[in-house]
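Reading the structure
Below are the chains, spelled out letter by letter.
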Amino acid sequence: MRQKYWWQEVVVYQIYPRSFKDSNNDGIGDLPGIIEKLDYLEKLGIGAIWLSPVYQSPNDDNGYDISDYEAIMTEFGTMEDMERLIQEADKRQIKIVMDLVVNHTSDEHAWFVEAKKSKDNPYRDYYVWANPSADGGVPNGLRSAFSGSAWQLDETTGQYYLHLFSKKQPDLNWQNEKVRQAVYQMMNFWIDKGIGGFRMDVIDLIGKVPEQEITGNGPRLHEFLQEMNQATFGKHDLLTVGETWGATPEIAKLYSNPDRHELSMVFQFEHIGLDQQAGGEKWDLAPVDLGQLKQIFAKWQTELDNQGWNSLFWNNHDLPRMISRWGNDTNYRVESAKMLAILLHMQKGTPYIYQGEEIGMTNTAITDISQAKDIESINMYQERLANGFTKEAIIQSINAKGRDNARRPVQWSNQAYAGFSTVEPWIAVNENYSSINVEQALADPDSIFYTYQKLIALRKANPLMIWGDFELLDTKEAVFAYLRKYQGETWLVVTNFSDDCHEFHYSNPQAKATELVIANMPIELSESLDLQLKPWQAFVVKLEE
Ligand code: GLC
Ligand code: CA
């Protein structure tokens, strides 16, 4: 029997502070705004908050470009506010998981300001530098995730520095022992403040070998993480989750097998790539293949086995809202939102809810690039326009996949600016706030909110939901059904991932549903488990065979 950890039992809620709640009416969400809403989050039942970056930052990438790891962004509040947030959350049994962005810093970080002064500056080796190639151009073909080359010429010293994201996010050189020690010291500064863990931004990139054009999964990656574990959180009972775009189940076990002393779990993104063209970028749209989605989920559920732990998510601040993406945000908004929740939370792993998901917030379309705020979309727009794409096609991609979709202000009420602020927010609210908002959700016992609340309560009361084995059932494509089994108990989870009706037959005619656990629409428990599923129908029953 493996040791059990608190982070396997809780549900985590992600907050993107800029868009969560504005307390002082400057149009920007802030830490006191989060404190104001802790009672709401307690009511939902979550056990931890993953807080997107709140550190000092010039906001080229909304806080993922940090200029001081030990200071709070002025717009968000003060260090006293941060300490108060940790304490107030703690009173409600909620832990604060900080975003750890250490693949890169801001170009305004003191280390980089020093590093670019001269080739022999003591901080020079904190970053990655290279001479121009023989023809005088960029050192090699590495590309930035935000379009264009990953190399930027520094005029003063005539060398290029590496930036796998924006020019204002120079990559740290993890091969340099001093960098690693400085990061560990900073992590301990936060651990000493009583935080509950770290979400590690693009952590799979820190082992990069740029001269060989190796970025993800570099040769020393796991050595660094083991060193980090020992130097920082290993002695504490913390949640650590790595953002690892390139992880396979084999790789995920390297990170999250407790015997290896690296991380609690990773975010894997295999399913997230299912609606893009093979060989293309995320902007090259393709319909999602549900058969593949099922296979991928089932693979991750079974292959980590006892040698790792899954994280479960549909949404985050980088992804379009799943209800608009693979659900149906018009005719079946409530049904599909609840179905997605049930399908995810009944799987084995730690579920993550992204702000607004619990009330069924949707994507927001733009009609012109001037309405975009996100550097990724803006850079891509310029690059694709130069490469001959039509404006319409690019905007269509941004509306389907752009990150601003997730970054609209949380819709708290039907008042002006959705009750997020009393002034025009930094990014426009979705117009549908008059009907989709927290106030409405709390007042309606049938709302999406209460499905999430119930799923979390069920998790607390039923060890099966946390520890039970997973078994995929062989069903028609749009029907996604599986069993969870634990200590002689079996739960059957049945969901219809489509706008159409579909039949569901349970293979064993002897099996009986003895109790309804949760459902997203009224259902008669039929003895035979032969059912005609309505669009987006989802239910969970206890099974006796
Ligand atoms: C991660 C973050 C994303 C950010 C990028 C660079 O993918 O989730 O928001 O832009 O890293 O830090
Ligand atoms: Ca504010």
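Described in the following lines is the structure provided in the data block. (Residues numbered from 1 in each chain as written. Chains lettered and ligands numbered in written order. Predicted model: local features only at pLDDT ≥ 70, side-chain atom pairs only at ≥ 80, totals over all residues. Heavy atoms only, no water.)

Focus: helix α4 (residues 79-91)
For α4, spanning 13 residues, the distance from its first C-alpha to its last is 19 Å, which sits close to the expected 18 Å at 1.5 Å a residue. All of the buried residues in α4 are Met-79, Asp-81, Met-82, Leu-85, Ile-86, Glu-88 and Ala-89. Each element contacted by the buried residues of α4 is listed here: α2 (31-36), α3 (38-44), β2 (48-51), β4 (68-72), β5 (95-100) and α6 (177-191). (Helix = DSSP H or I, 4+ residues; strand = E, 2+ residues; numbered from the N terminus. Expected span 1.5 Å × (residues − 1). Buried < 20%, exposed > 50% of the residue type's maximum accessible area, 1.4 Å probe, protein only. Contact = heavy atoms within 4.5 Å.)

Some thoughts on the coordination of the calcium ion (ligand 2)
At the metal site, the calcium ion (ligand 2) is ligated by Asp-22 (OD), Asn-24 (OD1), Asp-26 (OD), Ile-28 (O) and Asp-30 (OD), and these contacts range over 2.2 to 2.4 Å. Read from N- to C-terminus, the donor residues coordinating the calcium ion (ligand 2) fall into the pattern D-x1-N-x1-D-x1-I-x1-D. Since its relative accessible area comes to 48%, Asn-24 is described here as partly exposed. Judged by its relative accessible area of 37%, Asp-26 falls in the partly exposed class. (Donors = N, O, S within 2.8 Å, 3.2 Å for Na, K, Ca; no water.)

Thoughts on the site of ligand 1
Neighbouring ligand 1 are 14 residues; Asp-61, Asp-201, Glu-243, His-317 and Asp-318 lie closest to it. Within the side chain of Glu-243, an N or O atom sits 2.8 Å from an oxygen atom of ligand 1. Considered on its own, ligand 1 offers 310 Å² of accessible surface; in the complex 97% of this is hidden by protein. Taken atom by atom, the bulk of ligand 1 overlaps the largest pocket. (Near = heavy atom within 4 Å. Polar contact = N/O pair within 3.5 Å; in protein donor to acceptor, adjacent residues only side chain to side chain. Areas by Shrake-Rupley, 256 points an atom, 1.4 Å probe, with all protein chains shown as cover. 1 Å grid on protein atoms, 1.4 Å probe; cavity = no way out; pocket = protein on both sides within 12 Å on 5 of 7 lines; lining within 4 Å. Sits in = over half its atoms within 2 Å of the grid points.)

Concerning the sheet that holds strand β14 (residues 469-472)
Here five strands make up an open sheet; going across it, the order is β14-β15-β16-β20-β18 and the pairing antiparallel. Of all strands in the sheet, those with a lone pairing partner are β14 and β18 (512-519), marking the two edges. Taking the axes of each pair of neighbouring strands and ignoring which way they run, one obtains an average angle of 25° across the sheet. Two elements, β14 and strand β15 (residues 479-486), share four bridges in a ladder whose sense is antiparallel. Paired with Leu-472 across the two strands is Tyr-482, which belongs to β15. Contacting β14 and β15, helix α9 (residues 290-303) crosses the sheet at an angle of about 155° to β14. (Pairing = 2+ DSSP bridges. Axes fitted to C-alpha atoms, helices over the stretch in contact; angles between N-to-C directions.)

So, the layout of surface pockets
For the largest pocket, the calculated volume is near 1100 Å³. For the largest pocket, the lining is made up of 41 residues, of which Ala-145, Phe-165, Trp-245, Lys-282 and Glu-376 are closest to its centre. For the lining of the largest pocket, the element with the highest residue contribution is helix α12 (residues 375-386), accounting for four residues. A breakdown of the residues in the lining of the largest pocket according to their chemical character gives 15 nonpolar, 10 polar and 16 charged. (Points joined across faces, edges and corners; volume = space filled by probe spheres on them. Nonpolar A, V, L, I, M, F, W, Y, C, P; charged D, E, K, R; others polar.)

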